[in-house]
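Structural overview
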Amino acid sequence: MNLNNTREYLTSRQFNPSKKMGQNFLINENISKNIVTSINFKDVDLVLEIGPGLAALTDYLVDQKFDLTLIELDKRLNEFLVKRFKNKKVKIINQDVLRINFHEIINGYKNPIIVSNLPYSISSLVILKFLKTAKINSFYCMLQQEMVDRICAPVRTKKYNAFTALISYYCDVKKTLNISANNFFPAPDVDSCFISIQKNDREYDEEFDKFLRLCFLNRRKTIVNNLKTKYSNKIIINLLNKLAINLTTRSEELSPEELFELFIELKSKND
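The structure presented is a predicted model; accordingly, all values stated were derived computationally and were not measured.

1. Notes on the environment of Ile237
- Residue placement: Ile237 occurs in helix α11 (residues 233–242).
- Classification of Ile237 by relative accessible area gives partly exposed; the value is 23%.
- C-alpha of Ile237 to C-alpha of Gly108: the two residues are 129 residues apart in sequence and 48 Å apart in space.

2. Remarks on the pattern of salt bridges
- Under the defined criterion, the tally for this structure stands at 12 salt bridges.
- Here Asp59 makes a salt bridge to Arg84, at a shortest N to O gap of 2.9 Å. Of this pair, Asp59 sits in helix α3 (residues 58–61) while Arg84 sits in helix α4 (residues 75–84), and the two are 25 residues apart along the sequence.
- By relative accessible area, Asp59 is classed as partly exposed at 28%.
- Close ionic contact of Lys88 with Asp63 constitutes a salt bridge, the shortest N to O distance being 2.8 Å. Separated by 25 residues along the polypeptide, Lys88 in the loop between α4 and β4 (90–93) and Asp63 in the loop between α3 and β3 (67–71) bring together distant segments of the chain.

3. Describing the sheet that holds β3
- Read from one edge of the open sheet, seven strands run β4-β3-β2-β5-β6-β9-β7, paired in mixed fashion. Each of the sheet's edge strands pairs with one partner strand only, and the pair in question is β4 and β7 (171–179). Neighbouring strand axes in the sheet, compared pairwise and without regard to direction, differ in orientation by 20 degrees on average.
- Of the pairings in the sheet, the one linking β3 to β4 comprises four bridges and is parallel in character. In the strand pairing of β4, Ile71 is matched with Ile93.
- Contacts from helix α8 (residues 162–170) reach β7 and β9 (192–199) within the one sheet, and its direction differs from that of β7 by about 110 degrees.

What counts and how
Residues numbered from 1 in each chain as written. Predicted model: local features only at pLDDT ≥ 70, side-chain atom pairs only at ≥ 80, totals over all residues. Heavy atoms only, no water. Helix = DSSP H or I, 4+ residues; strand = E, 2+ residues; numbered from the N terminus. Buried < 20%, exposed > 50% of the residue type's maximum accessible area, 1.4 Å probe, protein only. Salt bridge = Lys/Arg side-chain N within 4 Å of Asp/Glu carboxyl O. Pairing = 2+ DSSP bridges. Axes fitted to C-alpha atoms, helices over the stretch in contact; angles between N-to-C directions. Contact = heavy atoms within 4.5 Å.

Below, the structure written as structure tokens:
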């Protein structure tokens, strides 16, 4: 389907985009091409596309050397995709991505990647699911600019939080394309950004994830006050002194590496 005719297509079928599902359809084919061109497909044997919608990206992913699996929750869009790719080697799953077992889908593949245009409401949950899936190392996704700003926030800034520290510790994030709201229908309230998230060699630790949430429990409090809800005040103070961290320090002032070092020290004292 010609993306320029997206409005006409939706109107003719009385298709009302769902705000609940965060449906904003890309209507600029040049951007679709640029997005797919920016993705590194070297040695990729499976592309898992989450939320393909009206196939703005899918049309450039189909008929490639890799296998293609689509995950689409909306039944109306699922029917569209089934008809559109009925003669293509494409697997289509009509389910909620948050309920799907990624390990079952990628079983047997050596280098699967994820490509997605994520709704704001579930973006952090899907990224976390990616972190927890050991065999998927690359995630290419379009996110609202606000979420990208949080993910990429530097230390000692207001947007730097537990999620920022978690992603920064385990991944390398690169902004690829800035995309203005008028390239979507309906147009969202904010601009978007297409980013690349590449895992490093560090293995995800759920306990560290929980630790970060504790550190940032109350941004106005010092890290001592946040941590003492779980650890003894004496242990915290002794470790902060050992690591040369001021007792008045807040979590947002510490790098992901410093937070992980503190986590390991506290874990050893707690075991």
